[in-house]
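# Coordinates in review
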Amino acid sequence: MSAIIDNLVEEVVSHCKKRHPEALDAIFDNLPTSEYQQIALKLLEEISASLQNDTDSLAWFCGYMASEVNSRVDNHQPNHPITELALILILSGMQPFIDFTPYPGCRLVITNTVKFSALPPSVKAVVHNAFNLLEQDDLQIEQMNNALLQELVISRE
């Protein structure tokens, strides 16, 4: 399984650097359904680590995961708000899929509110001015995570 994950990570990283969402769709659409959740979580972890030194590609990947980038044509559109926000958060020291998570529907969920609260006021001001922030308790976030994960699993079958 490790060799399969390593190969998939290498492919995904390459497609992120080339900004090729259709190729990523093909990879994620063809993951084994029975092991999708386990493989997807491991992939996200490894992809984030592999792109750690390429913040632009990592932020682009967050935009892709939030359904902001669906085709190559989208790469030529200016100002992808989720991608830009992801870049700001990454450059401020937050880690995607750990401190914040992109979700379909062009959303980001900030899961590490303590780390977010510790960001410089200028960064928080950018986030507050550009985006609608909804505060939810841990139970609500867990329920939303489970519902979205279930939606992803159901849509694959």
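Residues numbered from 1 in each chain as written. Predicted model: local features only at pLDDT ≥ 70, side-chain atom pairs only at ≥ 80, totals over all residues. Heavy atoms only, no water.

## Section: the overall build of the chain
Scanning the chain from N- to C-terminus turns up eight helices and two strands. The N-to-C order of helical and strand elements in the chain reads α-α-α-α-α-β-β-α-α-α. The long-range fraction of contacts in the chain, counting pairs at least 24 apart against all pairs at least 6 apart in sequence, stands at 59%. As presented, the chain carries roughly 9,100 Å² of accessible surface, and 51% of it is formed by carbon and sulfur atoms. (Helix = DSSP H or I, 4+ residues; strand = E, 2+ residues; numbered from the N terminus. Contact = heavy atoms within 4.5 Å. Areas by Shrake-Rupley, 256 points an atom, 1.4 Å probe, with all protein chains shown as cover.)

## Side note on the environment of Arg72
Within the fold, Arg72 resides in the loop between helix H4 (55-65) and helix H5 (81-91). Relative accessible area serves as the criterion here: at 39%, Arg72 is assigned to the partly exposed category. Counting along the chain gives 51 residues from Arg72 to Pro21, while the straight-line C-alpha distance between them is 6.4 Å. Once residues within four sequence positions are removed from consideration, Arg72 is found in contact with Arg19, His20, Pro21 and Glu22. (Buried < 20%, exposed > 50% of the residue type's maximum accessible area, 1.4 Å probe, protein only.)

## What to know about the nonpolar core
One recurring pattern in soluble globular proteins is that nonpolar side chains are buried together. In this structure, Phe28, Leu43, Phe61, Leu89 and Phe100 are the most contacted members of the largest nonpolar core, which totals 37 residues. Elements with a minimum of two residues in this core: helix H1 (2-17), helix H2 (21-29), helix H3 (36-50), H4, H5, strand S2 (107-110) and helix H7 (121-130). (Core = buried A, V, L, I, M, F, W, Y, C linked by side-chain atoms within 4.5 Å.)

## Looking at the state of the cysteines
This model, assessed by the stated rule, comprises zero disulfides. You can see Cys16 has no disulfide; the closest cysteine sulfur is in Cys62, sitting 9.2 Å from it. (Disulfide = S-S within 2.5 Å.)

## Focus on the pattern of salt bridges
All chains considered together, the criterion is met by four salt bridges. For Glu45, the salt bridge goes to Lys42, with nearest N and O atoms at 3.6 Å. Placement of both Glu45 and Lys42 in helix H3 is noted, with a separation of three residues, approximately one turn of the helix. With relative accessibility at 35%, the residue Lys42 sits in the partly exposed group. Via salt bridges that share partners, Lys42, Glu45 and Glu46 belong to a single interconnected network. (Salt bridge = Lys/Arg side-chain N within 4 Å of Asp/Glu carboxyl O.)

## Observations regarding the packing of aromatic side chains
In this structure the tally under the stated criterion is five aromatic pairs. With 6.3 Å between their ring centres and 25° between their planes, Phe28 and Tyr64 make a pair best called stacked. You can see Phe28 sitting in helix H2 and its partner Tyr64 sitting in helix H4, a full 36 residues away along the chain. There is no split in this pair, since Phe28 and Tyr64 are both buried. Seen from their ring centres, Phe61 and Phe97 are 5.9 Å apart, and the 55° between their planes marks the pair as tilted. On the criterion of sequence distance, the pair formed by Phe61 in helix H4 and Phe97 in the loop between H5 and strand S1 (100-103) is long-range, its members being 36 residues apart. Each member of the pair, Phe61 as well as Phe97, is classed as buried. (Phe/Tyr/Trp six-rings, centres within 6.5 Å; stacked < 30°, edge-to-face > 60°.)

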